[in-house]
Amino acid sequence: MATVQTRSERLDTARAMFSGPVRLSEPYPGAPPLWIEPEGHALAQGMPAFADWMTVNHKAIEAALVSFGAIVWRGFPVAETDDFIAMMDRFKSYAKGYAGGTSNRKAIKGPAMEATRTPPHVYIQLHQEMSYMPDNPRALAFYCKQPPDSGGETVICDMRGLLEQIPEPTRHKFENYGARYVRNLRSGLVDDWRAEPDLRHATWQYWFDSEDRDQVSAQLDERGTHYRWNEDGSLTFWNSEPAVAMHPATGDRLYFNQLNSQIQNEWTIGKDRADLFDQLYGDHTARPYAVAFDNGDPVTEEDYLAVRELFEARKIAFQWRARDVMLLDNKLTAHGRHPFTGKRDVQVMLFD
Ligand SMILES: [Fe+2]
């Protein structure tokens, strides 16, 4: 286990490592993120100067990402997607891309993607990106091109020490049973009741951006995911993963799964929607998501609430301003999104 620094120590360490005209602060003492703002005009106005600063400070950024779990840049000249890409140039793109991911998102340009197309009224629960997959990104960056009229905060949660706070017997299940994720994607060629937009039962053609079953199968093979093509044209895929992961740099044992964010019942999607799902899907039709502990035990209400209470107690809501960029360590800091109104343009890049 790495030595844990107190909040002032880690800020002092960061100040000693970073160079150039920037101001560093810790807005939520002891929790993420490290906050970076330009001091004076040199970095606030010119993108080339800021991109150079990012390069010169790359080592300090990587170190701060581990000690703070997240970094926010505010006040820098990141006006366009190209600037966001240039800023993150030293970070290696996530090689496996996003195919098979559960969020509804599309590429914008190069490695930059829409954060999500999940409808504005939906609260995206705190989660660690692709923690339901055998392979997942080490870090991710969000860029706010346009903040919404109201709401739409990205919520983040420090995952350090959360596992230890989960009460028994729930903690035992997460530590010992692992997680099982089952996903069903309908076929876009079959026009049945599952096409109702409210159900958000996506098609595999949309998800994998392909009409070709063989190509989709090849992607799932490459990811080590089990799958089955069903008679109704839908695709079911599933995999079992540990629910806890060790951080490669800090040695922390961390809660790392999406049982809580993928479960769909009245606790998470509301009673009306849960009833509609029960009525339409019953026990026989594959639902878009199904999760359980990998020994077959269901996630009980007690399990769900134990984790949700910790998430909610630790949650920090981050209100976006245009040109803000946030970099997250995917294991140390979970993220989610509050509902919003208006147009919200937040973009994301995933890194190895
Ligand atoms: Fe996400």
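Details of the structure are given in the entry above.
Notes on the structure follow. In every chain, residue numbers begin from 1 and rise along the written sequence. With the structure being a predicted model, the display of local features is reserved for residues of pLDDT at least 70 and the display and counting of side-chain atom pairs for 80 or more, all residues being used for whole-chain, interface and lining totals. Hydrogens and water are ignored here; the side-chain numbers use all heavy atoms of the structure.

Here the focus is the overall build of the protein. When its secondary structure is counted, the protein shows 13 helices and 20 strands. Radius of gyration: C-alpha atoms only; globule rule: 2.2 Å multiplied by the number of residues to the exponent 0.38. Here the C-alpha radius of gyration of the protein, 21 Å, is about what a compact globule of 352 residues would show, namely 20 Å. Projecting the C-alpha coordinates of the protein onto the three principal axes gives extents of approximately 60 × 45 × 40 Å. Under the scheme applied here, a residue whose accessible area is under 20% of the maximum for its type counts as buried, over 50% as exposed, and between as partly exposed, the area being computed with a 1.4 Å probe on protein chains only. Of all 352 residues assigned to the protein, the portion counted as buried reaches 51%. Contact definition: two residues touch when any of their heavy atoms are within 4.5 Å. Long-range contacts, defined as pairs at least 24 residues apart, comprise 76% of the intrachain contacts of the protein with a sequence gap of at least 6. Taken as a whole, the protein presents about 15600 Å² of accessible surface, with 50% of it coming from carbon and sulfur. Only four residue types enter the charge count, namely Lys and Arg as positive and Asp and Glu as negative; His and the chain termini do not. Just so you know, the charge point we use is NZ for Lys, CZ for Arg, CG for Asp and CD for Glu. One finds the centroid of the 39 positive side-chain charges in the protein at a distance of 3 Å from the centroid of its 50 negative side-chain charges. Helix and strand assignments come from DSSP, with helices taken as H or I runs of at least 4 residues and strands as E runs of at least 2, each series counted from the N terminus. Accessibility throughout is a Shrake-Rupley quantity obtained with a 1.4 Å probe, and a residue counts as covered only by protein chains that appear here.

With that settled, consider helix H12 (residues 271-281). Of the positions making up H12, those classed as buried are Arg273, Ala274, Phe277 and Tyr281. The buried residues of H12 occupy an angular sector of 100 degrees when the element is viewed end-on, so they sit on one face. Along H12, exposed side chains directed more than 90 degrees from the buried face belong to Asp272 and Gln279. Of the residues trailing H12, Gly282 is marked for its positive phi of about 55 degrees. Read the arc as the range of directions from the helix axis to the C-beta atoms.

This brings us to the pattern of salt bridges. Just to be clear on terms, a salt bridge is a Lys or Arg side-chain nitrogen sitting within 4 Å of an Asp or Glu carboxyl oxygen. Applying the stated rule across the entire model yields 19 salt bridges. Note that Glu175 and Arg171 form a salt bridge whose closest N and O atoms lie 3.7 Å from each other. Linking Glu175 with Arg171, this pair stays in helix H7 (residues 170-176), spanning four residues, or about one helical turn. A salt bridge links Asp303 to Lys173, with the shortest nitrogen-to-oxygen separation between them at 3.1 Å.

So, on to the sheet that holds strand E2 (residues 34-38). The eight strands lie next to each other as E1-E2-E3-E17-E7-E20-E5-E4, forming an open sheet whose pairing is mixed. Each edge of the open sheet is held by one strand with a lone partner, namely strand E1 (22-25) and strand E4 (107-109). The average angle at which neighbouring strand axes cross in this sheet is 25 degrees, direction not considered. Between any two strands, pairing holds if DSSP finds at least two bridges. In this sheet, strand E17 (residues 325-329) lies alongside strand E7 (residues 139-146) in antiparallel orientation, the contact comprising five bridges. Residue Leu140 lies in a different strand from E17, and its bridge partner there is Leu328. Helix axes are fitted to C-alpha atoms over the stretch in contact, other axes to C-alpha atoms as well, and angles between N-to-C directions run from 0 to 180 degrees. Most of the contacts of helix H4 (residues 58-68) go to strand E3 (residues 70-73), to which it runs at about 120 degrees, and overall it touches E2, E3, E7 and E17.

Moving on to the sheet that holds strand E15 (residues 289-293). Reading across from one edge, E11-E12-E10-E15 is the order of the four strands in this open sheet, with antiparallel pairing throughout. Of all strands in the sheet, those bounded by a partner on one side alone are strand E11 (226-229) and E15. When the angles between neighbouring strand axes are averaged without regard to direction, this sheet yields 15 degrees. In the sheet, strand E10 (residues 179-185) pairs with strand E12 (residues 235-241) via seven bridges, with the strands oriented antiparallel. Directly across from Leu185, in E12, lies its bridge partner Leu235. Contacts from helix H9 (residues 213-223) reach E11 and E12, with the element oriented near 160 degrees to E11.

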